[in-house]
Amino acid sequence: MTVSEASPPAPSAGPGEALVCLTGVQKHYGSLHVLRDIDLEVDRGEVIVVIGPSGAGKSTLCRAINRLETIDEGEIAIDGQPLPQEGKALARLRADVGMVFQSFNLFAHKTILENVTLGPIKVRKKSKADAEKRARELLDRVGVGHQADKYPAQLSGGQQQRVAIARALAMEPKVMLFDEPTSALDPEMIKEVLDVMVDLAERGMTMIVVTHEMGFARTAANRVVFMADGAIVEQADPETFFTNPESDRAKDFLSKILKH
């Protein structure tokens, strides 16, 4: 994998100010309470891995940070700016928040290079030449530079997901959200995507990752956030969480997943 120069760091938040800050966040789907009084701060350069059983609210939390899901109460701020409700202000703030989904969401009728340059040209107003130069650097960095002129259907799932990561990075986001980025992949493709994510973490990218990959959580996370029933039950550094979880809910969860 060719490694290009790391991007210059984004301007820092104010002193003691978290890059991502959720305060008292509540979310209901009808009578279902999917996010319960969520308080979470993520510092610049921190890698947070969110784990927990199905239905815990992990993906809803991730999508709320990008306002793909609205919230009923509370506040979410990115770099000191509350998430706007809608319109151009929301689009501008969303451009600072990269998102990689379970499904790759690439445009099937556009080449890999076109997929990666579309956002920088349309949203960041970059020239085509500058956008293509940066896109090729990023595609090289995630190991698919030689596939730039192909279409998504010509790539494996692992390659498509790495393109999706490059596409998000091309927007020069302040934070990257990953919602189960490997769950749709065959086992042999999972490592190639996780390797790219570990590289990002080592470069200092702020990341919030919802995943079932406990190996990634152990090696790449600064902090593990364990959710159940819509609430954050506990959070700790990986070593503490995996060797000495505090809550019965986390102990039960770990006993089930770490036996296999």
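The shown structure was predicted, so the numbers you read here are calculated from the model rather than taken from an experiment.

We now examine a positive patch on the surface. Taken together, Lys88, Arg92, Lys122 and Lys125 make up a surface patch of like positive charges. For Arg92, the location among the structural elements is in helix 2 (residues 87-95). For Arg92, a relative accessible area of 56% puts it in the exposed group.

What follows is about the side chain of Gln147. Within the element layout of this structure, Gln147 appears in the loop between helix 4 (128-141) and helix 5 (157-169). Looking at Gln147, its side chain comes within polar contact range of the side chain of His146, at 3.3 Å. Apart from the residues within four sequence positions on either side, Gln147 is in contact with Ile112, Leu155 and Gln159.

The subject of this paragraph is the packing of helix 3 (residues 112-122) against helix 5. One way to put it is that helix 3 packs onto helix 5 with a least axis distance of 8 Å and a crossing angle of 25°. In terms of axis orientation, helix 3 runs roughly parallel to helix 5. In the crossing of helix 3 with helix 5, the sense of the turn from one axis to the other is right-handed. Here helix 3 contributes Ile112, Asn115 and Val116 to the contact with helix 5, which in turn contributes Val163, Ala166 and Arg167. Class assignment for the residues of the contact of helix 3 with helix 5 results in 4 nonpolar, 1 polar and 1 charged.

Here the focus is the UniProt feature "domain: ABC transporter" (unreviewed entry) in the chain. Annotation from UniProt places "domain: ABC transporter" (unreviewed entry) at residues 20-254. Structurally, residues 20-254 is divided into 39% helix and 26% strand, and its ends, taken at the C-alpha atoms, are 27 Å apart.

With antiparallel pairing, 4 strands are arranged side by side in an open sheet as 2-1-4-5. Two strands close off the open sheet at either side, each with one partner strand: strand 2 (32-42) and strand 5 (81-82). With 5 bridges connecting them, strand 1 (residues 20-29) and strand 4 (residues 73-78) associate as antiparallel partners. What sits directly across from Leu22, in strand 4, is Ile76.

Let's shift gears to the pairing of strand 2. Examined bridge by bridge, strand 1 and strand 2 share 7 bridges and lie antiparallel to one another. Within strand 2, the residue paired with Cys21 across the bridge is Glu41.

A grouping of Asp37, Asp39, Glu41, Asp43, Asp72 and Glu73 is seen on the molecular surface, where their side chains present a negatively charged patch. Among the elements that take part in the negative patch, strand 2 stands out by supplying 3 residues, more than any other. By secondary structure assignment, the location of Asp37 is in strand 2.

Another aspect to go through is the nonpolar core. Formed by 51 residues in total, the largest nonpolar core has its most connected members in Leu139, Ile165, Met176, Phe178, Met197, Met207 and Phe241. Here this core takes 8 residues from helix 6 (residues 187-202), the largest share from any one element. Each residue touching Met197, except ones within four places of it in the same chain, is listed here: Ile165, Phe178, Pro181, Met207, Val209 and Phe216. Residues Val42, Val50, Leu93 and Met99 belong to the second largest nonpolar core, which totals 28 residues.

All right, on to the pattern of salt bridges then. Within this structure, the stated rule accounts for 17 salt bridges. For Asp96, the salt bridge is made with Arg124, and the minimal N-O distance between the two is 3.1 Å. You can see Asp96 sitting in the loop between helix 2 and strand 6 (97-100) and its partner Arg124 sitting in the loop between helix 3 and helix 4, a full 28 residues away along the chain. Among the residues examined, Asp96 registers a relative accessible area of 13% and is labelled buried. The network of salt bridges with shared partners includes Arg44, Asp79, Asp96, Arg124 and Lys174.

Every α-helical turn comprises 3.6 residues, leaving residues that sit three or four positions apart pointing alike. Ala250, Phe253 and Leu254 are the residues of helix 9 (residues 248-257) that are buried. Projection of helix 9 onto a plane perpendicular to its axis shows the buried side chains occupying an angular sector of 95°, all on one side. Those residues of helix 9 that are exposed and aimed more than 90 degrees away from the buried face are Asp248 and Lys256. Buried residues along helix 9 sit in contact with strand 3 (47-51), helix 7 (214-220), strand 9 (223-228), strand 10 (231-236) and helix 8 (238-243).

How each quantity is defined
Per chain, residue numbering runs from 1 following the sequence as it is written. Per-residue local features are limited, in this predicted model, to residues with pLDDT of at least 70; the limit for side-chain atom pairs, both in listing and counting, is 80 or more; totals at the level of whole chains, interfaces and linings are taken over all residues. No hydrogens and no water enter the side-chain calculation; it runs on all heavy atoms of the structure. Exposure above 30% relative accessible area and the lack of any salt bridge qualify a residue for a patch; like charges then connect within 9 Å, and the nonpolar side chains Val, Leu, Ile, Met, Phe, Trp and Tyr within 5 Å. Accessible areas in this description were obtained via Shrake-Rupley with a 1.4 Å probe; residue shielding takes into account the shown protein chains only. Should a side-chain nitrogen of Lys or Arg be within 4 Å of a carboxyl oxygen of Asp or Glu, the pair is scored as a salt bridge. For the charge count, each Lys or Arg is scored as positive and each Asp or Glu as negative, with His and the chain ends excluded. A charged residue contributes its charge at one atom only: NZ of Lys, CZ of Arg, CG of Asp or CD of Glu. In DSSP terms, a helix is any run of H or I states spanning at least four residues, a strand is any run of E spanning at least two, and both are numbered starting from the N terminus. Burial classes: relative accessible area under 20% of the type maximum marks a residue as buried, over 50% as exposed, and values in between as partly exposed (1.4 Å probe, protein chains only). Between N or O atoms, a polar contact is any pair within 3.5 Å; within protein, one atom must be a potential hydrogen donor and the other a potential acceptor, and residues adjacent in sequence are included only when both atoms are from side chains. When checking whether two residues touch, look at their non-hydrogen atoms; a contact exists if any pair is within 4.5 Å. Axis lines are fitted to C-alpha atoms, over the contacting stretch for helices. Their N-to-C directions set the angle, which ranges from 0 to 180 degrees. Orientation is classified from the angle alone, with under 35 degrees giving roughly parallel, over 145 giving roughly antiparallel, 65 to 115 giving roughly perpendicular, and any other angle giving oblique. Take the far helix as your reference; a near helix turned counterclockwise from it by less than a right angle gives a left-handed crossing, and one turned clockwise gives a right-handed crossing. Here the nonpolar group is Ala, Val, Leu, Ile, Met, Phe, Trp, Tyr, Cys and Pro; Asp, Glu, Lys and Arg are the charged ones; every other residue, Gly included, is treated as polar. UniProt positions are given in the numbering used here, feature names are shortened, and annotations may be inferred rather than shown by experiment. When DSSP finds at least two bridges between two strands, those strands are taken to pair. The nonpolar core is taken to be a set of buried Ala, Val, Leu, Ile, Met, Phe, Trp, Tyr and Cys residues, with the residues joined through side-chain atoms within 4.5 Å. The arc in question is the one spanned by the directions pointing from the helix axis to the C-beta atoms.

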